[in-house]
Amino acid sequence: MCVICQLPLTHEAERIIIVKYLDPGSGQAIQSAVPTLLAFISAVLASMLFFFRRFFQFFFKKKVVLICLLIAFLAIIVFVFQKKQTGEVVTNKRVIVLAFDGLDPILLNEGLKKKILPNFQKVKDKGFYSELATTMPPQSPVAWASFTTGEAPAKHGIYDFITRDPKTYQLNLTFSENSQWKATPFWEILSKHNIPTTILFLPNTYPPANLEGKMLSGMGVPDLLGTLGTLTLISTKDYSNEKNFRGKIISIPNNDTIDTHIEGPKYKSLKETKTSTLPIQIKRNTKENALTMQIQDQSVTVGNKKFSDWTPLTFDIDFFTKAHGILKLYVKELSPDIEVYVSPININPEKPLHPISHPNSYAKDISKEYGFYSTLGLPHDTWALNQEIFDEDAFLAQSESIVKDREKIYLAELAKFEKGLFFGYFGMTDSISHMFFRFLKDKDSKYNNTILDTYKKADEIVGQTLNLMKKDDILIILSDHGFKSFDYEINLNTWLLSNGYLVLKGDKSEGKELLEDVDWSKTEAYAIGYNGIYFNLKDRESKGIVQEVERKSLEKEISVKLLALKNPYSNTTVIKKIYAREQLNIPKTDKNAPDLFIGFYQGTRSSWDSAVGAVTKDVVSKRESKWSGDHLFDPSEVPGVLLVSKKVDIKNPGITDIMPTILGLF
Ligand SMILES: [Zn+2]
């Protein structure tokens, strides 16, 4: 049994079954070493017999030598013949992997039942369909790393969106660490065998890898400021009381012509850190119901509640350095107030400061051929909707344009792709599910069907892919996890505080983000990220107090108490399962893994405050944000999906099984 997913593990034997079912020809590739070996052994034996025959004359007669030579000769013929056959299969093969982040099996089935997903239905009918067990924790960077390496988190070492440094207790985002893969990503293996690969927008691929083929980096690519996406709101309204606003606010006077600016990347000038800026002039044209913005030498006119096209711009950092970006503007309000949303400034794919593709020119070539596109790793601005800068329609309009750009790139590159592994990723199924899950219960809302409409868009992409497929191509469609409603949030740090495992400095009852107020001399455990609790372990944490011998009892004590925790609103328990490191085969030497992994029942997940090390008032509170769907629960609550265009006889596949299977095909 798989301790993570509570499903039987997919064994090696089952993997081979998948390979065979997908392509019976590939079975030959696995066995092709046998005749070579046979030929080699026979040839060695034969020459030894020739050489030493005088010594062995007593034991062997000449006909033995002849038989050996004959076997060797036959084996060489079989080998050459097989090699030729296998070579043909490999060189012409295209395996297409189409990834939809967060595509959920229950919602997919609903769409299939309603007969609105004809292309998914086609693949299911002709080939294979199953739920796909995800990783613990079921977070996108973790699960996609398991897809990429075919290994569990214990082997690839990615455990959460957020990590902590045990020496400094500082937090970091996992995306910046992907260059040090602990397990081998698939492109390294394929590159070694000269098998071409095109990878579009796969998570955890920034900075891009050096591979045999092309890679356009995905989730993890920062904006021009080096963040995961910082929006700017230019506004005549007063936001001075908005302490928790995520993004930049630029206040402007309420005139018809306004000179203002936007902020670019920070840079160091001598000993000072400065922020680069760029002047903007805004003119209100009430008659045309539009704003005209002058940015560098471009004049951009945008109607009320409309988006601009991509606008390129350049920040002069110093005499030698320029930072090139692209952005979109959205007019939130024209009158009586003026409010303009400035998108996170994406890296200009034609002039990136640091590579966002392999080869470096690939991002530029794509832009030249198909136009500008969002290069940001997480391009859907969920914070703009959460903070009501966007209404639902604006969010969907932004999403539509992201998908349109990426679909164009995906289909055109697929059409050009001749052989090898082609991987394309779409994230709208995840982002829209996060933001629109609240409408699934609201039958009267005009957004009640928005998630299924997104599945229809995914279905269209599947249909276009099927149209581009050649006879022997294999299509694998998968998601990294599914989705469930998110109704309550729990602050694990607050729970640790109220149970005496975490202590704050002085007599504080609440603690700031980044573990700032934690008294390490008295703290035994703390929570970071969405599913992890860490012990303040001596010899690992710089101010650790828990001895290694106490680890087991602390593990047990916290687990027993946490499993009994009840949601005061619903009077139900919130945690389905807690996993210790041993259960997930995490080696003792691994200093980055949490000590306990918390598997929540669907409906409740860690709060954002808890994830970044803050201690707030309540342990459990009602979710109030528009971010209303999630997957940070126990993995058994949120399996993903797997569809294959050919028949496969396999039970309970997991996301770690996909890559070994694909490699087997080559
Ligand atoms: Zn997600």
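This text follows the structure it describes.
Not measured: the values here are computed from a predicted model.

### So, the overall build of the protein chain
Right, on to step 1. Helix and strand content of the protein chain: 19 helices and 31 strands.
Right, on to step 2. The proportion of buried residues among the 666 residues of the protein chain is 55%.
Right, on to step 3. Once local pairs closer than 6 in sequence are excluded, the contacts in the protein chain between residues at least 24 apart make up 68%.
Right, on to step 4. For the protein chain, the accessible surface area stands at approximately 30,200 Å², while carbon and sulfur atoms represent 54% of it.

### Considering the nonpolar core
Right, on to step 1. By size, the foremost hydrophobic cluster in this structure holds 170 residues, and its most contacted members are Phe 100, Phe 120 and Phe 147.
Right, on to step 2. Broken down by element, this core gets its largest block of residues, seven residues, from helix H13 (residues 392–416).
Right, on to step 3. Residues within four places of Phe 120 in sequence aside, it is in contact with Phe 100, Leu 103, Leu 108, Leu 112, Tyr 455, Ala 458, Asp 459, Val 462, Ile 477 and Leu 643.
Right, on to step 4. Counting eight residues, the second-largest nonpolar core is a separate cluster that includes Met 136, Leu 584, Ile 586 and Phe 597.

### A closer look at helix H6 (residues 105–113)
Right, on to step 1. Listing the buried residues of H6 in full gives Pro 105, Leu 107, Leu 108, Gly 111 and Leu 112. Considered in projection along H6, the buried side chains sweep an arc of 165 degrees and stay on one side of the axis. Facing away from the buried side of H6, by more than 90 degrees, are the exposed residues Ile 106 and Lys 113.
Right, on to step 2. In the core, the buried residues of H6 are packed alongside helix H7 (118–126), strand E2 (128–132), helix H15 (450–467) and strand E31 (640–644).
Right, on to step 3. The backbone nitrogen of Ile 106 lies 3.0 Å from a side-chain oxygen of the residue at the head of H6, namely Asp 104.
Right, on to step 4. Looking one or two residues past H6, Lys 115 carries a phi angle of roughly 60 degrees, positive in sign.

### Some words on the coordination of the zinc ion
Right, on to step 1. At this site the zinc ion is bound by Asp 430 (OD), Asp 430 (OD), His 434 (NE2) and His 631 (NE2), with donor distances of 2.1 to 2.5 Å.
Right, on to step 2. Geometry at the zinc ion is irregular, judged from the four donor atoms that bind it and their angles of 54 to 152 degrees at the metal.
Right, on to step 3. Read from N- to C-terminus, the donor residues coordinating the zinc ion fall into the pattern D-x3-H-x196-H. With Asp 430 in helix H14 (residues 428–436) and His 631 in the loop between strand E30 (629–630) and E31, the pair connects residues that are 201 residues apart, well separated along the chain. Both residues of the pair, Asp 430 and His 631, belong to the buried class.

Quick notes on the rules
- Residues numbered from 1 in each chain as written.
- Predicted model: local features only at pLDDT ≥ 70, side-chain atom pairs only at ≥ 80, totals over all residues.
- Heavy atoms only, no water.
- Helix = DSSP H or I, 4+ residues; strand = E, 2+ residues; numbered from the N terminus.
- Buried < 20%, exposed > 50% of the residue type's maximum accessible area, 1.4 Å probe, protein only.
- Contact = heavy atoms within 4.5 Å.
- Areas by Shrake-Rupley, 256 points an atom, 1.4 Å probe, with all protein chains shown as cover.
- Core = buried A, V, L, I, M, F, W, Y, C linked by side-chain atoms within 4.5 Å.
- Arc of directions from axis to C-beta.
- Polar contact = N/O pair within 3.5 Å; in protein donor to acceptor, adjacent residues only side chain to side chain.
- Donors = N, O, S within 2.8 Å, 3.2 Å for Na, K, Ca; no water.
- Tetrahedral: all angles 85-135°; square planar, octahedral: opposite > 155°, others 65-115°.

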